[in-house]
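Residue-level structure breakdown
For reference, the chains in residue letters:
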Amino acid sequence: MKTPSPSSPLLLVVLFLSLVCMVVSVRPSAFPRRYHEYARKYEDQSFPAQWFTQTLDHYNGADSRTFQQKYYVNDLYWDKDNGPVFLYINGEGPVSGPPSSSTDEVVTLAQKFSAIIVTLEHRYYGQSVPFANNSLQNLQYLSSKQALFDLAHFIVNFTNYVLPPPPVVNNPGEITTRKVFTIGGSYSGALSAWFRLKFPQITVGAIASSGVVNAILDFTAFDEHVAFAAGEDCANALRKVTQLAENAIDAGGDSEKNVKVFYFLSTGTSWGSNTR
């Protein structure tokens, strides 16, 4: 049997089948309007996307560039006088809405504690993409450090300039702040834990489910578990696909381009810049 070349259309078919195999196995102007202007009880379970003007580089005060970052709000269970804010942290993927399923643990907690849920799409994912292409130069702002400052900048603005102020419950004139909890799992779980450590003045607690806080070079345990869970036949197919993809990238030219286009990694892929 002839082995498919790195540029062969068969490679793309094999790549697709392998994926199937795996599946089977702080600025007031940052917000366009205040909370009361769009707030409502979403009885139809429709949660409109909102947009926040985010800083591109939090580590360079001379860089004034910004981009639009998408977020969602679920206030179905919120006690606006006493309820906390649950900042549900998203990881490496697009976001189409806030946690809203009755079986979602975040929703269960929000119902129990009368919390409002707000969720921010991670920079460079979904529609929260700063640049029109993903060149290495543009990808320099994609990091967990920048993401942590995204969360801090967002939630401080959101609680201070979007949500109505909480009522004063003690002395007249006393300044009160809303209690904020971060929630995340896996990579976003790590962000939740790191955020609590880095910005203890912003939150009162954090939930980090399976947070990957310990970075290990040449970590093979995950792949070993995937191979075990997938079974011998599927694991062997995954290994072959990985080898084909690596060979194609090493070959360069059209072979490399075909693989990158398949995985949406082509440097010519336009994402639609929203950087200002």
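Report follows, based on the coordinates. The structure presented is a predicted model; accordingly, all values stated were derived computationally and were not measured. (Residues numbered from 1 in each chain as written. Predicted model: local features only at pLDDT ≥ 70, side-chain atom pairs only at ≥ 80, totals over all residues. Heavy atoms only, no water.)

1. Focus on the side chain of Ser188
Filter applied, for reference: To qualify as a helix, a DSSP run of H or I must reach at least 4 residues; to qualify as a strand, a run of E must reach at least 2; elements of each kind are numbered from the N terminus. For each residue, the accessible area found with a 1.4 Å probe, counting protein chains only, is set against the maximum for its type, and the residue is called buried under 20%, exposed over 50%, and partly exposed in between. Distance and chemistry together define a polar contact, namely a pair of N or O atoms within 3.5 Å, with one atom able to donate a hydrogen and the other to accept it when in protein, and with adjacent residues in sequence counting only for side-chain atoms on both sides. Note on contacts: a residue pair is in contact if any heavy atoms of the two residues lie within 4.5 Å.
In this fold, Ser188 is placed in helix 5 (residues 187-198). For Ser188, a relative accessible area of 6% translates into the label buried. Looking at Ser188, its side chain comes within polar contact range of the main-chain oxygen of Ile89, at 3.4 Å. In this structure the side chain of Ser188 is engaged in a polar contact, spanning 2.7 Å, whose partner is the backbone oxygen of Gly185. Not counting the four nearest positions on each side in its chain, Ser188 is found in contact with Ile89, Asn90 and Gly91.

2. Comments concerning the side chain of Thr203
Tracing the sequence through the fold places Thr203 in the loop between helix 5 and strand 6 (205-209). For Thr203, a relative accessible area of 3% translates into the label buried. Among all residues touching Thr203, those that are not within four sequence positions of it are Val180, Thr182, Phe195 and Arg196.

3. Let's talk about the nonpolar core
For clarity, the threshold we go by: Here the nonpolar core consists of buried residues drawn from Ala, Val, Leu, Ile, Met, Phe, Trp, Tyr and Cys, with membership extended through side-chain atoms lying within 4.5 Å.
Of all hydrophobic cores here, the largest spans 26 residues; its most connected members are Tyr71, Leu87, Val118, Phe154, Ile155, Phe158 and Phe195. Here this core takes nine residues from helix 4 (residues 144-162), the largest share from any one element. Among all residues touching Leu87, those that are not within four sequence positions of it are Val118, Leu151, Phe154, Ile155, Val180, Phe181, Thr182 and Ile183. One finds Tyr77, Val107, Ala110 and Ala115 within the second-largest nonpolar core, a separate group that totals nine residues.

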